[in-house]
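Residue-level listing of the chains:
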Amino acid sequence: MNAPANLADSVRASVVRIGAPPEGYDGSSGTSGDSRRSDRSRRAFWGSGFFVAPGWVLTCAHVLAKGAAPVWRGERAIGITIGDAAGSAGGPGTADGAGEGGTVLLGELAFGLPRPEDPQAPPSPWPFPDLALVRVPGAEDADCLWLSDRSVLTPADIGLYGWAPGEVRGEQMFFTGLGKATGVVGRPLMLSGDQLTEGCSGGPVLDQRRGTVLGVSKGAGRRPGTGLATPVTALRRLCDAGPRGARVLHEVLSAHDRHHLSRYTGFGHSWHRQHARLGPTGGEPAYGFTVDRRAELYALFAEVEPPTGAGQVLQLANEARNMVLRRPYTLRDHDPRSWREGAGLLYDPRDHSTAEEEPSPDLALEAVVLYAAKVTAALHRSGPGRTPRAVRALAELREWVERTARTLLNDVIRAQVPGVLDGHRAASAARADVLVEIEPDIYGSGRHAWRVALVRPADKDDIPGEAAAFGYLPDADQAAGEDGEREEITVEQSREDAPRSGLEEAVRAALSQALDQCDVDDHLAAVEFMLPRPLFDEPVDGWRARPYDPDDPFNPHTMPLGQRRLVVVRDRTRKDQGFTPECRTRAAAVLGGPLEAVPLRREVPGAGHDAPGPESGQATYGRLRAAAPGAVPVYCARVGSGPGARAMAAALGAGHAMALWRHGCGDGQDHDDCAEFHRRAAELLAEAHSARQVPLHIRTLRNRNAEPADDREESTGVNSTPIDPSSAWARHIVLLYDPPHRTSGDGPLREPPLMPRPPTALRSTP
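As the structure is a computational prediction, the values presented were derived from the model and not from experiment. (Residues numbered from 1 in each chain as written. Predicted model: local features only at pLDDT ≥ 70, side-chain atom pairs only at ≥ 80, totals over all residues. Heavy atoms only, no water.)

1. Notes on unusual backbone geometry
The omega torsion across S124 and P125 is 0°, close enough to zero to call that bond cis. On the secondary structure map, P125 appears in the loop between β7 (103-113) and β8 (131-135). Put simply, F128 and P129 share a cis peptide bond, and its omega is 10°. With respect to the secondary-structure elements, P129 resides in the loop between β7 and β8. Not every positive phi belongs to a glycine, and D130 is a case in point at roughly 55°. Take D130: it is sitting in the loop between β7 and β8. The backbone of H689 sits at a positive phi, close to 75°, despite the residue not being glycine. With respect to the secondary-structure elements, H689 resides in the loop between α19 (674-688) and α20 (694-704). (Helix = DSSP H or I, 4+ residues; strand = E, 2+ residues; numbered from the N terminus.)

Spelled out as structure tokens, the structure:
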């Protein structure tokens, strides 16, 4: 095993003991006088953690559980012990050196995932990802470990580190162990090798070959020599948790990369310099994207604006790979949230652990330089409003690109760099949209399986193509949704069915991840919800991809989907039944226009829902089948149950590909504007003319009808003005647009729901 020399000693300086705050903590001010103090009292020991940036400790969320409510309120109620008075660590699989001394600082929880519903009764085991970032004032000079920039972390030979209870009560011993890590993207790492001991949860899992942190130890297995760890890539979940989480992650990664450049260019210990000394034995080439270049480039990335999402990073990385004749990556496998992770995809990304041929050092450097040039150009294109500091940072990034490009061995690539810097255009080929598919409740359990996928035309390149899954975007040409074949790339699917009331929460993380991958440059991904007919009235246009933040009500990532994006409903039943000739004819007609309204229930516009002698289901089918090719059924009430459901089934059976209704109105006496709704809907369809424009009109109406309660903070006055009477008819409006399409690949077979799962075989260590 090619472990960097003195790796354990280097790691030990960064690994901390986490426990109760020192004596004198008053529980309210979060301080005991000077926050830096030496404390040798027998304080409670909770577990381990490690510095990832000056003033920032990464650990497991369950390690902080013993701090209960004060910790999760953000009080400075966490004791962080740095250093010790003991000697060096022992050999692999040992705990050595009494850790009674050291400097104790007070820390505060900045972010924990997932947050417990009741901090006084924390879950056990703690759900994935089980991570926490602790802000530690006064630790600005701490030694920090080097986080991996790769998305594919395993298999890898690893080192395990942490603090464990010593033989003397109140003392801790430093633990070191060796093993192997395996796993798949988006799941915990499985560890095998030396047994993790109590107290090591929250400690780092290091790639022995590179000296980079791959994960955070989470727990020991039931079988000897096994364990579980959270990969560092799970920190991306902070972006999915809301805008504050994204800000914390960007702050930590930026501070991390600035720190390591400062250490590399200064004196004393440096992870980059230690790795560089190994040369080829540590996987470090003499030429290429070497550690000095990584340290400098990542520190420059830390100074510029972060990417808009994973889609932008992956698109630019793929464009760079294409220019050096490398096969592109797919959104299925990678979810980079920072510029540094994009560069990590371009050099030796699989650590020579697969049969796939890896780029040579010169190809890797060429790809990284082209990628950095594309990042520079993309940031220049979004330049208005940038601060002087950001302008200066962008100029320095450009200077790095130009300077490094002069060292490239390939004259052709070197000659392309100036053009990339000055002429980058919007990455239109990266566009895709999002599908949320909810399965029917076929077993009568009251629960539903679900799937979130990216949708794109199947005849495009590996990179998602022009977003045209619906065929209605204003700038879209012939679309995959228009009776064409489209590819669906599953982002995530349910492992356990969810009740109807919990569907939004169940799909939120996967939906956020999918949207982040698809929002590239000027393309804002649309969302289609493929629902079983009993769920047609589910208010999916009001779902949020990330939790609402009352302090930032107009954050684009937390707004209701239908107020920002184009949102439509599709019919899950048609996936099983197939698209009929009638449906193909009507889909082509509404796409070309003109459109005209036809009542879903004939008697309602004139006589209301209580009209005598309502139209029979067969008569409804015959009338709607005979309607004009561009006819669109409209209805002022719900269609998921009752008379509206029967009429909607007739409309879909007659081949209609578009329909309008309201999910917030019943078939009873809760509204009296039936005639107005049908009249206004007819006017909307006539004005829109074709199916391409209807979703845009619907989004406008949803914003005009956003209720004060939608902001969940009426006192702020954000949206407290009365709804515009001229648009009140469209409150809770739903658009079904379900043109024929063919999907490549078959969906998975479903099994009957299982009994509740027994507790996991892996247990968390304190």
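Having seen the structure, we can now continue with the description.
2. Here we look at the environment of T197
Here T197 shows up in the loop between β11 (189-193) and β12 (204-207). We classify T197 as partly exposed; its relative accessible area is 27%. For T197 and W163, which are 34 residues apart along the polypeptide, the C-alpha to C-alpha distance reads 8.6 Å. (Buried < 20%, exposed > 50% of the residue type's maximum accessible area, 1.4 Å probe, protein only.)

3. Things to note about the confidence of the model for the protein chain
Per-residue confidence for the protein chain averages 80 on the pLDDT scale, and 78% of its residues sit at or above 70. Note that pLDDT drops below 50 for residues 26-41; the model gives that stretch 37 contacts with residues more than four away or on any other chain. Across residues 426-430, where pLDDT falls below 50, the model places 17 contacts with residues more than four positions away in sequence or in other chains. (pLDDT = per-residue confidence, 0-100. Contact = heavy atoms within 4.5 Å.)

4. Focus: the packing of aromatic side chains
Across all of its chains, the model carries 8 aromatic pairs by this definition. Arranged with centres 6.1 Å apart and planes meeting at 80°, the rings of F301 and Y371 form a pair that is edge-to-face. With F301 in helix α6 (residues 291-303) and Y371 in helix α9 (residues 361-381), this residue pair connects regions lying 70 residues apart in the sequence. In this structure, F301 and Y371 share a single accessibility class: buried. With 5.6 Å between their ring centres and 20° between their planes, F536 and W661 make a pair best called stacked. Of this pair, F536 sits in the loop between β20 (527-531) and α13 (561-564) while W661 sits in strand β24 (residues 658-662), and the two are 125 residues apart along the sequence. For W661, a relative accessible area of 0% puts it in the buried group. In this structure an aromatic cluster arises from ring pairing among Y161, W163 and F174. Its guanidinium or amino end placed over the ring of W163, R17 lies 4.5 Å from that ring's centre, counting from NZ or CZ. (Phe/Tyr/Trp six-rings, centres within 6.5 Å; stacked < 30°, edge-to-face > 60°. Lys NZ or Arg CZ within 6 Å of the ring centre and 35° of its normal.)

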